[in-house]
There are 2 protein chains.
Amino acid sequence: MHSIAIAGMGRMGGNMARRLLAKGIKPVVWNRDTAKLPRLEAAGAVTAKTLTELVLKMKAPRAVWMMLPSGEPTETLFLGLLSLLEKGDVIIDGANGNWNDAVRRAKKASETGIDFLDAGVSGGIWGLENGYCIMTGGPKPVFEKAEPFIKALCQDGGYMNCGGPGAGHFAKMVHNGIEYAMMEAYGEGFDLLHASPFGEIDMAGLASVWNRGSVIRSWLLELAQNAFDKDPKLENLSGIVPDSGEGRWAVEEAVRLGVPLPAISTSLFKRFRSQMKDNFGDRLSAALRREFGGHGVEERMKDEG
Amino acid sequence: MHSIAIAGMGRMGGNMARRLLAKGIKPVVWNRDTAKLPRLEAAGAVTAKTLTELVLKMKAPRAVWMMLPSGEPTETLFLGLLSLLEKGDVIIDGANGNWNDAVRRAKKASETGIDFLDAGVSGGIWGLENGYCIMTGGPKPVFEKAEPFIKALCQDGGYMNCGGPGAGHFAKMVHNGIEYAMMEAYGEGFDLLHASPFGEIDMAGLASVWNRGSVIRSWLLELAQNAFDKDPKLENLSGIVPDSGEGRWAVEEAVRLGVPLPAISTSLFKRFRSQMKDNFGDRLSAALRREFGGHGVEERMKDEG
């Protein structure tokens, strides 16, 4: 491939462009909100205010990495690129998208001779410095065309073509499902400690100790230490845990395939509960206790709405 | 402390003795089965065939690290040591024991002026080379007396006194609860991948890629890679996952304290199920489907007993 563009300059896309620049690769960058472009131009990137400009500023064969939110924004961008790119160019779908969309897009792209790779990108805001971990899906020759750019984005050994179309996003979905349950595992463990007679323990210290030789050492546990260092009892946070789609897709896929995912699904469901102030099902349980046993219930505060 | 003994030369105790030797500390070692002693003597340890001999071969103040299975073997050893040691000596309870036993033993030891530390030891068979991770519980001055030995056993920064009596075993219990759910998280993720259209993926390769920059990188994932390297589809293993007590205690403690541990408890319960060929509850569910809907059931094989 002669040149690479990154379309979408959010936190992930912007950092990926900077990572490429640090590796001596000059990407073309585009963003819906053009206000972000001058800073990237100052950093050395070639900027494009429209997709047409993006395509014109690249030399064929082109690799265009889509890094917008999944769903509508990515679909619109995909259709736009499809109408502008030419045979032999590659569209790389780097959003946290559903793998079925990737399969559909790969098929649609192939009808016009444009190549397609789906790419799951992990590493968060640390990827700029440490390198990302990238799982791709698509035909091997297409992967190999894009490989130099993928390699530049990643840690040494931190990428893999996981199979045909959809495999990259499927692997990222599985990765995120595992991530949900791992986060829940640490959350539950520290919760138990916090509620125990030993709750005054230095949790940052314990996380640090556990990361030095214990079986549960991990990068997430390093991040937990950072969080405890900043706020030892996490008193400045509320325990609302958003979910971004990947966890839901993992559980949907497990249901479809008949695979038992009790820990991942319960972690997803606990996130749902964390997003609610109150829960209809819990209110029914409270009501039933009152009905059959005359047990006391907490009257709902009027201002809870 | 002048000298240390390790009582119990199982896989953990034996490796701990070897780790001390490698750090220039000559432990006295004792084991119920004396057949293991000559090899440790050859490695440089002082061996004792009886507890009396162990105590006589040490200089006061002594630190005796109990490294037998928890429950009866540790209790018997504890009572034996209590009758032989003297004021100012320290008994360190290194078994994977229930933290309530540690609290009880600390109290009993203190009645005779003998000090007591409970110590949770993590690191498995890798601890010999990499250093262990050790969580202790007990009075600070007692911890400090034993610290040089603990330090020699551990990775740099890999130990901590977690609080008063019981805190070390409580922290180890929490650690193992987290470990159960983390193992389940990886198990479920790879299970989903294995059942998917992308099930032919190189799982060792994926584990390796995930360990290079992804959010779910961890030591357990490195071990998963080792396992896949040896047996890519794990075809030479059965999926029976024993449990050793710590997971049960974590869930019991959560029930006592009213802390929700859905992922850890479900991981424990999935282990229970994995230990069964068949399950009475599942047979009842199958029976009920037949009763209300005339759904077919699998007749039980006679030889399943």
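Please read these numbers as outputs of a predicted model, since none were measured by experiment.

All names here are of chain A. The step from A60 to P61 runs through a cis peptide bond, and the omega angle for that step is -5 degrees. Here P61 shows up in the loop between α3 (51-56) and β4 (62-66). We note that L234 has phi near 50 degrees; this positive angle belongs to a residue other than glycine. Here L234 lies in the loop between α10 (219-230) and α11 (246-257). On the basis of relative accessibility, which here comes to 32%, the residue L234 falls in the partly exposed class.

What follows concerns the interface of chain B and chain A. At the junction of the two partners, chain B supplies 69 residues and chain A supplies 69 residues. Regarding the contact of chain B and chain A, the summed buried area is about 5600 Å², with carbon and sulfur atoms giving 77% of it. Considering only the surface of chain B that becomes buried against chain A, L192(B), F198(B) and V215(B) emerge as the three largest contributors, covering 13% of it. Where chain B touches chain A, the interface holds zero salt bridges. Counting across the interface, chain B meets chain A through 14 residue pairs in polar contact (both at pLDDT 80 or more). Of all the elements in the fold, those that place two or more residues in the side of chain B that touches chain A are β7 (132-137), β8 (154-161), α8 (167-195), α9 (203-210), α10 (219-230), α11 (246-257) and α12 (262-274) of chain B. For the side of chain B that touches chain A, the leading source of residues is α8(B), giving 19 residues. Classifying every residue of the side of chain B that touches chain A by side-chain character gives 41 nonpolar, 18 polar and 10 charged.

W210(A) and W210(B) are the most contacted members of the largest nonpolar core, which has 86 residues in total. Beyond its immediate stretch of four places on either side in the chain, W210(A) contacts F190(A), I216(A), R217(A), L221(A), C133(B), M135(B), A171(B), V174(B), H175(B) and I178(B).

Residues and elements named next belong to chain A. Counting buried residues in strand β7 (residues 132-137) gives six out of six residues, a clear majority hidden from the surface. What you see with β7 is no split at all: Y132, I134 and T136 on one side and C133, M135 and G137 on the other are buried throughout. The sheet contact formed by strand β6 (residues 115-122) and β7 spans five bridges and is antiparallel. Residue pairing for β7: G120 is matched across the bridge by M135. Of the pairings in the sheet, the one linking β7 to strand β8 (residues 154-161) comprises four bridges and is parallel in character. Considered in β8, the bridge of Y132 is made with C154. This β-α-β element, β7 to helix α7 (residues 140-153) to β8, shows right-handed connectivity.

Attention now moves to the sheet that holds β8(B). By definition, the strands of a sheet pair up through backbone hydrogen bonds, in either a parallel or an antiparallel sense. Residues and elements named next belong to chain B. Read from one edge of the open sheet, eight strands run β3-β2-β1-β4-β5-β6-β7-β8, paired in mixed fashion. Edge positions in the sheet fall to β3 (46-48) and β8, since each has one partner strand and no second. Here the strands of the sheet are splayed against their neighbours by 25 degrees on average, with no regard to which way each runs. Judged from the three bridges that link them, strand β1 (residues 3-7) and strand β2 (residues 28-30) form a sheet pairing that is parallel. Counterpart to A5 in the pairing with β2 is V28. The strands touched by α8 are β5 (90-93), β6 (115-122) and β7; relative to β6, the strand with the most contacts, the crossing angle is about 15 degrees.

Here the focus is the pattern of salt bridges. Residue and element names in this part refer to chain A. Counting across every chain of the model gives 30 salt bridges over all chains. Between E184 and K270 there is a salt bridge, with its nearest N and O atoms 2.9 Å apart. Taken together, the residues span a long stretch of sequence, with E184 in helix α8 (residues 167-195) and K270 in helix α12 (residues 262-274) at a distance of 86 residues. Here K270 falls in the partly exposed class, since its relative accessible area comes to 28%.

Before going further, it helps to spend a moment on the packing of aromatic side chains. Applying the stated criterion across every chain, the model contains 18 aromatic pairs over all chains. On the basis of an interplanar angle of 40 degrees and a centroid distance of 6.0 Å, the ring pair of F269(A) and F272(A) is categorised as tilted. Here F269(A) pairs with F272(A), and both are found in helix α12, just three residues apart, close to one helical turn. Since its relative accessible area comes to 48%, F269(A) is described here as partly exposed. Relative to W210(B), the ring of F190(B) lies with its centre 5.5 Å away and its plane at 55 degrees, an arrangement referred to as tilted. With F190(B) in helix α8 and W210(B) in helix α9, this pair connects stretches of sequence that are 20 residues apart. Each of the two residues, F190(B) as well as W210(B), counts as buried. Taken together, W99(A), F170(A) and F198(B) form an aromatic cluster joined through their ring pairs. When the ring centre of Y180(A) is taken as origin, the NZ or CZ atom of R271(A), which lies over that ring, is 3.6 Å away.

Ordered by their spatial adjacency, eight strands build an open sheet running β3-β2-β1-β4-β5-β6-β7-β8 (chain A), and the pairing between neighbours is mixed. In this open sheet, the two strands that pair with only one neighbour each are β3 (46-48) and β8 of chain A. For this sheet, the mean inter-axis angle between neighbouring strands, taken without regard to orientation, is 25 degrees. Along the sheet, helix α5 (residues 99-111) of chain A makes contact with β5 (90-93) and β6 of chain A, crossing β6(A) at roughly 155 degrees. Along the sheet face, α9(B) touches β7 and β8 of chain A and points at about 145 degrees away from the line of β8(A).

Reading the values: the criteria
- Residues numbered from 1 in each chain as written.
- Chains lettered and ligands numbered in written order.
- Predicted model: local features only at pLDDT ≥ 70, side-chain atom pairs only at ≥ 80, totals over all residues.
- Heavy atoms only, no water.
- Helix = DSSP H or I, 4+ residues; strand = E, 2+ residues; numbered from the N terminus.
- Buried < 20%, exposed > 50% of the residue type's maximum accessible area, 1.4 Å probe, protein only.
- Contact = heavy atoms within 4.5 Å.
- Buried area = accessible area lost by both parts, 1.4 Å probe.
- Salt bridge = Lys/Arg side-chain N within 4 Å of Asp/Glu carboxyl O.
- Polar contact = N/O pair within 3.5 Å; in protein donor to acceptor, adjacent residues only side chain to side chain.
- Nonpolar A, V, L, I, M, F, W, Y, C, P; charged D, E, K, R; others polar.
- Core = buried A, V, L, I, M, F, W, Y, C linked by side-chain atoms within 4.5 Å.
- Pairing = 2+ DSSP bridges.
- Right-handed = clockwise from strand over helix to strand, strands pointing away.
- Axes fitted to C-alpha atoms, helices over the stretch in contact; angles between N-to-C directions.
- Phe/Tyr/Trp six-rings, centres within 6.5 Å; stacked < 30°, edge-to-face > 60°.
- Lys NZ or Arg CZ within 6 Å of the ring centre and 35° of its normal.

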